Amino acid sequence: MGKVVADTLNTPTFDKYAFNWARERFKASQDSTGVYVLSGLLYNYHQFNESALSQNKITVSNDKYYDKYIYGVLQNPYQTDRAQKKRLQV
């Protein structure tokens, strides 16, 4: 599991990101006619397969989930999917 927080020197706050993005769109549209600024988001993510527990691919102990290995081989309990969001600025 992971998360991104805006409490580091390298991660801009949402307000700063939104301001920078608006500024760049404005500059691009002023500098050239017919320029369309596009943005997108594409990433892969993993989540537990719904049948991971019934297929003996994870171990649960003290309300915590653990990957399961049989003879040193991970019994992969995850399914991978892709999230994408596209936004067209015209």
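Let me sum up the structure you'll find in this document. Predicted model only: the values in this text are computed from it and were never measured. (Residues numbered from 1 in each chain as written. Predicted model: local features only at pLDDT ≥ 70, side-chain atom pairs only at ≥ 80, totals over all residues. Heavy atoms only, no water.)

**Some words on the overall build of the protein**
The following threshold applies: Secondary structure elements are defined from DSSP: runs of H or I of at least 4 residues count as helices, runs of E of at least 2 residues count as strands, and each element is numbered from the N terminus.
Each helix and strand counted, the protein has 1 helix and 6 strands in total. Starting at the N terminus and walking to the C terminus, you meet the elements of the protein as α-β-β-β-β-β-β.

**Digging into the pairing of strand E3 (residues 64-67)**
Selection criterion: Only strands that DSSP links by at least two bridges are regarded as paired with each other.
As paired strands, strand E2 (residues 58-61) and E3 are joined by 4 bridges and run antiparallel to one another. Bridge pairing in E3 links Ser61 to Lys64. Once E2 ends, the chain turns through 2 residues before running back antiparallel as E3, passing Asn62 with a positive phi of about 55°.

**Details of the pattern of salt bridges**
Condition: Salt bridge, as used here, is a side-chain nitrogen of Lys or Arg placed within 4 Å of a carboxyl oxygen of Asp or Glu. Burial classes follow relative accessibility: with a 1.4 Å probe on protein chains only, a residue under 20% of its type's maximum area counts as buried, one over 50% as exposed, and anything between as partly exposed.
Per the stated rule, a full pass over the model turns up 2 salt bridges. Close ionic contact of Arg23 with Glu24 constitutes a salt bridge, the shortest N to O distance being 3.7 Å. Accessibility expressed as a relative area gives 37% for Glu24, which makes it partly exposed. Two residues, Glu24 and Lys27, come together in a salt bridge whose shortest N-O distance is 3.5 Å. One end of the pair is Glu24 and the other is Lys27, both in helix H1 (residues 14-31) and 3 residues apart, which spans about a single turn. Taken together, the salt bridges that share partners define one network made up of Arg23, Glu24 and Lys27.

Purely spatial values, then, with no claim about function.
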